[in-house]
Amino acid sequence: MKQDHAYWMKQALVQAGKAFAAEEIPVGAIVVRDGKVIGRGARLRMVVFGCYDEEAGCCGSLYQLCGDPRFKTKVAVKGGVMEEESLSIIQEFFVKCRTKSN
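Now for a description of the structure that goes with this document. (Residues numbered from 1 in each chain as written. Predicted model: local features only at pLDDT ≥ 70, side-chain atom pairs only at ≥ 80, totals over all residues. Heavy atoms only, no water.)

The helix and strand tally for the protein stands at 2 helices and 4 strands. Overall, the protein shows an N-to-C arrangement of helices and strands of α-β-β-β-β-α. Scaling as 2.2 N^0.38, a compact globule of 102 residues should have a C-alpha radius of gyration of about 13 Å, whereas the protein reaches 18 Å, well beyond that. Overall, the protein is about 50 × 40 × 20 Å in size when its C-alpha atoms are taken along their principal axes. The long-range fraction of contacts in the protein, counting pairs at least 24 apart against all pairs at least 6 apart in sequence, stands at 40%. As displayed, the protein has an accessible area near 8600 Å², and 59% of this comes from carbon and sulfur atoms. (Helix = DSSP H or I, 4+ residues; strand = E, 2+ residues; numbered from the N terminus. Rg over C-alpha atoms; globule rule 2.2 N^0.38 Å. Contact = heavy atoms within 4.5 Å. Areas by Shrake-Rupley, 256 points an atom, 1.4 Å probe, with all protein chains shown as cover.)

In structure tokens form, the structure reads like this:
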């Protein structure tokens, strides 16, 4: 059964309620994929990623989303963790995509 937006928003509000109870700003979020919640919380403390994307990256590359001064909170960013392995799997993926399209 496909859920409507209000269904998912109610789940995000549960997260906001938890933040409120912890005396934090009552912001909640969920991440939904294929009709299932795969992530939930109120705030990110840190973003960790493997390889930089100089063309379209938004943390530590093209754009600094997590360090944008327009946001009142800062999110720590740690890039380049297992960079070679991360780059290898991405490159392999795109080689396969190009092979399939030929």
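There is more to say after this.
Here a ring pair, both rings aromatic, is described through the centre-centre distance and the interplanar angle of the planes. One pass over the full model with this rule turns up 3 aromatic pairs. Relative to Tyr-52, the ring of Phe-49 has its centre 5.0 Å away and its plane inclined at 85°; by these criteria the two rings are edge-to-face. Residue Phe-49 is classed as buried on the basis of its relative accessible area of 17%. With centroids separated by 5.0 Å and ring planes inclined at 80°, the aromatic side chains of Phe-93 and Phe-94 adopt a geometry described as edge-to-face. (Phe/Tyr/Trp six-rings, centres within 6.5 Å; stacked < 30°, edge-to-face > 60°. Buried < 20%, exposed > 50% of the residue type's maximum accessible area, 1.4 Å probe, protein only.)

Before going further, it helps to examine unusual backbone geometry. Its identity is not glycine, yet Glu-23 carries a phi of approximately 60°, on the positive side. In this structure, Glu-23 sits in the loop between helix 1 (5–21) and strand 1 (29–33). Residue Glu-23 is classed as exposed on the basis of its relative accessible area of 75%.

All right, on to the nonpolar core then. One finds Val-47, Phe-49, Cys-59, Cys-66 and Val-75 forming the largest nonpolar core, which totals 5 residues. With residues up to four places along the chain from it excluded, the contact list for Cys-59 reads Phe-49, Tyr-52, Gln-64, Cys-66 and Val-77. (Core = buried A, V, L, I, M, F, W, Y, C linked by side-chain atoms within 4.5 Å.)

Remark: a regular strand shows side chains that alternate across the two faces of the sheet. Where strand 1 and strand 2 (residues 36–41) come together, 5 bridges link them in antiparallel fashion. The residue bridging Ile-30 from the neighbouring strand is Arg-40, located in strand 2. (Pairing = 2+ DSSP bridges.)

Turning to the state of the cysteines, a few remarks are in order. In this structure the tally under the stated criterion is 0 disulfides. With no disulfide of its own, Cys-58 lies closest to Cys-59 among cysteine sulfurs, the gap being 4.3 Å. Take Cys-58: its relative accessible area is 38%, and that puts it in the partly exposed class. Cys-66 takes part in no disulfide bond, and the closest cysteine sulfur to it belongs to Cys-59, at a distance of 3.3 Å. (Disulfide = S-S within 2.5 Å.)

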